[in-house]
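Listed below are the residues making up each chain.
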Amino acid sequence: MIHQPPPIDLAHLNDIAGDDPEFIQELLDVFLTDAERLLALIQEAHAQGNAQELKQYGHQLKGSSANVGAEALRELASGLEEATIPPQTLVMQLPPEISRIRAFVQSM
């Protein structure tokens, strides 16, 4: 079995949130809501073949992921923004990574 690091860098999150568990939870809840909204927009843009919107939404998801230390999701979003990997591959990988983050947050 391949060991994956946690989907959220808690040390990074503690640095920006001042070790405040309630604030961290609030940040992650807002992040997940936004990530799921962006996922829906990314899926729609992909279905329509709109490369410009894929880049735009990828950029937004990359930034919010970086803010909370969601490195794997940030990398996927960066691939959308930079169009370095076929979007179909990336669009398919986003939902499981967001689900992994949600499960991690719920276990905190």
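For the structure itself, look to the data block above.
My aim in this report is to walk through the structure given alongside it, one point at a time. (Residues numbered from 1 in each chain as written. Predicted model: local features only at pLDDT ≥ 70, side-chain atom pairs only at ≥ 80, totals over all residues. Heavy atoms only, no water.)

Right, let's talk about the nonpolar core for a bit. Note that soluble globular proteins tend to have their nonpolar side chains buried in a common cluster. With 28 residues, the main nonpolar core has Ile8, Phe31, Ile42, Leu61, Leu73, Leu94 and Ile101 as its most contacted residues. Elements supplying a minimum of two residues to this core: α1 (10–17), α2 (21–47), α3 (51–68), α4 (71–82) and α5 (87–106). A per-element tally of this core places α2 first, with 9 residues. Excluding anything up to four places from it in sequence, leucine 61 contacts Ala35, Leu38, Ile42, Leu73, Ala77 and Leu94. (Core = buried A, V, L, I, M, F, W, Y, C linked by side-chain atoms within 4.5 Å. Buried < 20%, exposed > 50% of the residue type's maximum accessible area, 1.4 Å probe, protein only. Helix = DSSP H or I, 4+ residues; strand = E, 2+ residues; numbered from the N terminus. Contact = heavy atoms within 4.5 Å.)

So, on to the pattern of salt bridges. Two side chains of opposite charge can pair, provided their charged atoms sit close to one another. Within this structure, the stated rule accounts for 5 salt bridges. Note that glutamate 71 is salt-bridged to arginine 74, the shortest N-O span being 2.7 Å. Taken together, the positions of glutamate 71 and arginine 74, both in helix α4 and 3 residues apart, correspond to about one turn of that helix. Among the residues examined, arginine 74 registers a relative accessible area of 23% and is labelled partly exposed. With a closest N to O distance of 3.1 Å, arginine 100 and glutamate 97 form a salt bridge. In this pair, arginine 100 and glutamate 97 both sit in helix α5, 3 residues apart, roughly one turn of the helix. On the basis of relative accessible area, arginine 100 is assigned to the partly exposed category, the value being 24%. (Salt bridge = Lys/Arg side-chain N within 4 Å of Asp/Glu carboxyl O.)

Count 3.6 residues to each turn of an α-helix, and residues three or four apart come out pointing the same way. Across its 27 residues, α2 extends 38 Å between first and last C-alpha, which sits within 8% of the 39 Å expected from 1.5 Å per residue. Within α2 the residues assigned to the buried category are Ile24, Leu28, Phe31, Leu32, Ala35, Leu38, Leu39, Ile42 and Ala45. Against the buried residues of α2 lie α1, α3, α4 and α5. Where α2 begins, one side-chain oxygen reaches toward the backbone nitrogen of glutamate 22, 3.2 Å away; that side chain belongs to aspartate 20. (Expected span 1.5 Å × (residues − 1). Polar contact = N/O pair within 3.5 Å; in protein donor to acceptor, adjacent residues only side chain to side chain.)

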